[in-house]
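# Per-entry structural report
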Amino acid sequence: MPSKEEIQSSIAQALEESKDDIIKVAKELYEHPELAFQEHHAHDFITGYFESLGEFKVTRHAYGLDTAFEVLYENGGRLVNFNAEMDALPDIGHGCGHNLIAACGCASFLALVKTLKKYRISGSVQLLGTPAEESMGGKCKLVENGAYRGVSASFMAHPLVIEKEGDLIQISSNTLLACSMIECEYTGAPAHASAFPWDGINAFDACIGSWVNISMLRQQIRPHQRIHGYFKDVPTVANVIPAKSTAVYQFRSRLRSEVEELKKKVENCCIAGATATGCSYKLKEVFSYSDMINVPSLVDACYETAQDVCGDKYLLQKGDKGQPDASGSSDIGNVSYEVPAIHIVYKIPTLEKCPQHSAGFAKSAGHLKTSMPPTFASAKVLAASAYKVLTDDKLLETVQKEHSKLI
Ligand SMILES: [Zn+2]
Ligand SMILES: [Zn+2]
């Protein structure tokens, strides 16, 4: 078996060899931002690239999703997975930097495969193109459709605005909150708002009722819980009683079991809006993201690897326990309930002071001269950590034991 140093230098060399191709992936996606489940250009560009290499089994439109894809290197042994998110945000493009996540997934995949080939080590590697992280939960559907079946561990890295000095890679996320989104569609009856208002049943009033109920509910929820929403199908004239309107709410908590409890309360607020106005209602769950399960032994293994491969250039830390209450959500949480998963977050330099999900962050994610070096460093950590999972029996046994206790 090759030494740890040989493996790590092989990964670094492989990344160097595929550097130009990977930068093209980041650039192409940045220049063609696409919304959830519309990532056709990204899908075609990346699958086309891997097909052109002629070495892999490439499946377009994988696992029942039009814009998901799978690239598979099958060489016996265990199977590890890398995720490539691709979706952008309305109006601001890659304000969450998913063009870099896709590039990082492709880079990690190629670097690990080249190393396995070089040393004739058995092990299989999957790259999944995972659509619609920002809304609608592509990975939730991929989990349901069996995309992660047989995977020993799943890996991804996410660029972030991190307001700390120095170049920083954080091996496990802070608390990623569990999050669900529901829609409540109200149906009433239209009427002339002045001549015959008593004939009307006001669907927009039902929305307002739900909003007021939820505003009161917020006083009785825990500090780490969040509820936020908006209305669809809102009236545009004053003199018609609106017969259709929809309220949309997202709500979050630390654990998915807590989100289930919160969901009942939010639904009751929505139903009360219908009862008060006499509307009928239809409740629908749009998505449900789980919290992130961080498996300690896998986080430790990844952290040690990071120290070896980039500890001299990057400031490393495990999850930042200092800010557990300020967090978003991701569908990688659903993956983490299915298989042990690592969600690295890393700082990219921002060109101006800006938050995540902003035009300023999009510009920074597209400024490849400064956004790609930490992306490659993260890919190095992911590839070398995945190699450990493929080859270290004892580590995997511990990881699996811990994971089964945590879910
Ligand atoms: Zn985002
Ligand atoms: Zn994101």
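Scroll up for the structure.
As the structure is a computational prediction, the values presented were derived from the model and not from experiment.

## What to know about the coordination of the zinc ion (ligand 2)
Bound to the zinc ion (ligand 2) are the protein donor atoms Cys 96 (SG), His 98 (NE2) and His 158 (NE2), situated 2.1 to 2.3 Å from the metal. Summarised as a motif, the one-chain spacing of the donors to the zinc ion (ligand 2) is C-x1-H-x59-H. Between the zinc ion (ligand 2) and the zinc ion (ligand 1), the interatomic distance is 3.1 Å, and Cys 96 donates to each metal, bridging them. Taken together, the residues span a long stretch of sequence, with His 98 in helix H3 (residues 98-118) and His 158 in strand E5 (residues 151-160) at a distance of 60 residues. By relative accessible area, which is 7% here, His 158 ends up buried.

## Remarks on the packing of helix H1 (residues 4-31) against helix H2 (residues 40-53)
Relative to each other, H1 and H2 sit at 165 degrees, their axes nearing to 10 Å. With respect to each other, H1 and H2 are oriented roughly antiparallel. Here H1 runs over H2; the crossing is right-handed. On H2, the residues touching Asp 21, Lys 24, Val 25, Glu 28 and Leu 29 of H1 are His 41, Ala 42, Phe 45, Ile 46 and Tyr 49. Looking at the contact of H1 with H2 residue by residue, the class counts come to 6 nonpolar, 1 polar and 3 charged.

## Observations concerning the layout of surface pockets
One number sums up the size of the largest pocket: a volume of about 1000 Å³. For the largest pocket, the lining is made up of 41 residues, of which Cys 96, Leu 160, Gly 328, Gln 356 and His 357 are closest to its centre. Taken together, the residues of the lining of the largest pocket break down into 17 nonpolar, 17 polar and 7 charged. When we break the lining of the largest pocket down by domain, the ones giving at least three residues each are domain 1 (4-176 + 292-406) and domain 2 (178-288). Of the voids in this model, the second largest pocket is the one considered here, and its volume is about 320 Å³. If you go around the second largest pocket, you meet 17 residues; those closest to its centre are Glu 16, Pro 373, Phe 376, Ala 377 and Lys 380.

## Remarks on helix H6 (residues 256-277)
Over its 22 residues, H6 runs 32 Å from end to end, which matches the ideal 32 Å to within 8%, given 1.5 Å per residue. Within the span of H6, buried status applies to Val 259, Leu 262, Lys 263, Val 266, Cys 269, Cys 270, Gly 273 and Ala 274. Projected down its long axis, H6 carries its buried residues within an arc of 140 degrees, all on one side. Structural note: H6 exposes Glu 261, Lys 264, Asn 268, Thr 275 and Ala 276 on the side pointing more than 90 degrees away from its buried face. Elements in contact with the buried residues of H6: strand E7 (178-187), helix H5 (203-217), strand E9 (226-232), strand E11 (244-253) and strand E12 (280-289).

## Examining the state of the cysteines
Counting across every chain of the model gives 0 disulfides. Counting only cysteine sulfurs, Cys 106 is the nearest neighbor of Cys 104, a cysteine outside any disulfide, at a range of 9.3 Å. By relative accessible area, which is 1% here, Cys 104 ends up buried. Here Cys 207 stays unpaired: no disulfide links it, and the sulfur of Cys 184, its closest cysteine neighbor, is 7.6 Å away. In this structure Cys 207 comes out as buried when scored by relative accessible area, which is 0%.

Cut-off values and rules
Residues numbered from 1 in each chain as written. Chains lettered and ligands numbered in written order. Predicted model: local features only at pLDDT ≥ 70, side-chain atom pairs only at ≥ 80, totals over all residues. Heavy atoms only, no water. Donors = N, O, S within 2.8 Å, 3.2 Å for Na, K, Ca; no water. Helix = DSSP H or I, 4+ residues; strand = E, 2+ residues; numbered from the N terminus. Buried < 20%, exposed > 50% of the residue type's maximum accessible area, 1.4 Å probe, protein only. Axes fitted to C-alpha atoms, helices over the stretch in contact; angles between N-to-C directions. Parallel < 35°, antiparallel > 145°, perpendicular 65-115°, else oblique. Left-handed = near helix turned anticlockwise from the far one by under 90°. Contact = heavy atoms within 4.5 Å. Nonpolar A, V, L, I, M, F, W, Y, C, P; charged D, E, K, R; others polar. 1 Å grid on protein atoms, 1.4 Å probe; cavity = no way out; pocket = protein on both sides within 12 Å on 5 of 7 lines; lining within 4 Å. Points joined across faces, edges and corners; volume = space filled by probe spheres on them. Domains from an automatic or database assignment. Expected span 1.5 Å × (residues − 1). Arc of directions from axis to C-beta. Disulfide = S-S within 2.5 Å.

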